[in-house]
Amino acid sequence: VQLQASGGGLVQAGGSLRLSCAASGRTFNSYFLGWFRQAPGKEREFVAAISWSGGSTFYVDSVKGRFTISRDNAKNTVYLQMNSLKPEDTAVYYCAADRLDGSIWYYYRDLDYWGKGTQVTVSS
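My aim in this report is to walk through the structure given alongside it, one point at a time.

Parameters and conventions
- Residues numbered from 1 in each chain as written.
- Predicted model: local features only at pLDDT ≥ 70, side-chain atom pairs only at ≥ 80, totals over all residues.
- Heavy atoms only, no water.
- Helix = DSSP H or I, 4+ residues; strand = E, 2+ residues; numbered from the N terminus.
- Contact = heavy atoms within 4.5 Å.
- Patch = residues over 30% accessible without salt bridge, like charges linked within 9 Å, V, L, I, M, F, W, Y side chains within 5 Å.
- Areas by Shrake-Rupley, 256 points an atom, 1.4 Å probe, with all protein chains shown as cover.
- Salt bridge = Lys/Arg side-chain N within 4 Å of Asp/Glu carboxyl O.
- Buried < 20%, exposed > 50% of the residue type's maximum accessible area, 1.4 Å probe, protein only.
- Phe/Tyr/Trp six-rings, centres within 6.5 Å; stacked < 30°, edge-to-face > 60°.

**Focus on the environment of A39**
Right, on to step 1. Along the chain, A39 falls in the loop between β4 (32-38) and β5 (45-50).
Right, on to step 2. With 53 residues separating them along the chain, A39 and V92 place their C-alpha atoms 6.3 Å apart.
Right, on to step 3. Not counting residues within four places of it along the chain, the set of residues in contact with A39 comprises T90 and A91.

**So, a nonpolar patch on the surface**
Right, on to step 1. Together, I104, Y106, Y107 and Y108 make up a nonpolar patch on the protein surface, roughly 440 Å² of accessible area in all.
Right, on to step 2. Here Y106 lies in the loop between β9 (91-98) and β10 (113-114).
Right, on to step 3. The class for Y106 is partly exposed, based on a relative accessible area of 45%.

**What about the packing of aromatic side chains?**
Right, on to step 1. Under the defined criterion, the tally for this structure stands at eight aromatic pairs.
Right, on to step 2. Between F28 and Y113, the ring centres sit 5.7 Å apart and the planes meet at 90 degrees, which makes this aromatic pair edge-to-face. With F28 in the loop between β3 (17-24) and β4 and Y113 in strand β10, this residue pair connects regions lying 85 residues apart in the sequence.
Right, on to step 3. The class of F28 is buried, set by a relative accessible area of 1%.
Right, on to step 4. Pairing F36 with F46 gives two aromatic rings, centres 5.7 Å apart and planes at 75 degrees, and the pair type is edge-to-face. Note that F36 is positioned in strand β4 and F46 in strand β5, a separation of ten residues in sequence.
Right, on to step 5. The exposure class assigned to F36 is buried, which follows from its relative accessible area of 0%.
Right, on to step 6. Taking the relative accessible area as the measure of exposure, F46 reaches 3% and is therefore buried.

Have a look at this one:
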């Protein structure tokens, strides 16, 4: 099983980026998919998660109203649209998959599957 994240880069504050994470090796029916991030010198933190149907989404407070998570099950891919980016959004972003309900991902790090990260850098 592999989760491959892409779409990171360097952007000015106020700009936008769209991250993608393509899953391969199995289907993720009934799995939540989501994103975490880790800034230099800080612990990895939860960013967003989405249910298999896409009907339930969860966000950390600091990104609500700016980030949108979505998924395309036909492509086994989850997306993170990031708008109004701030320098404090600078981090390595990781995608993850687990059967654990996304509403409690904020409290967990031991998820089933992790992708390699993609760097997002927001300049001021």
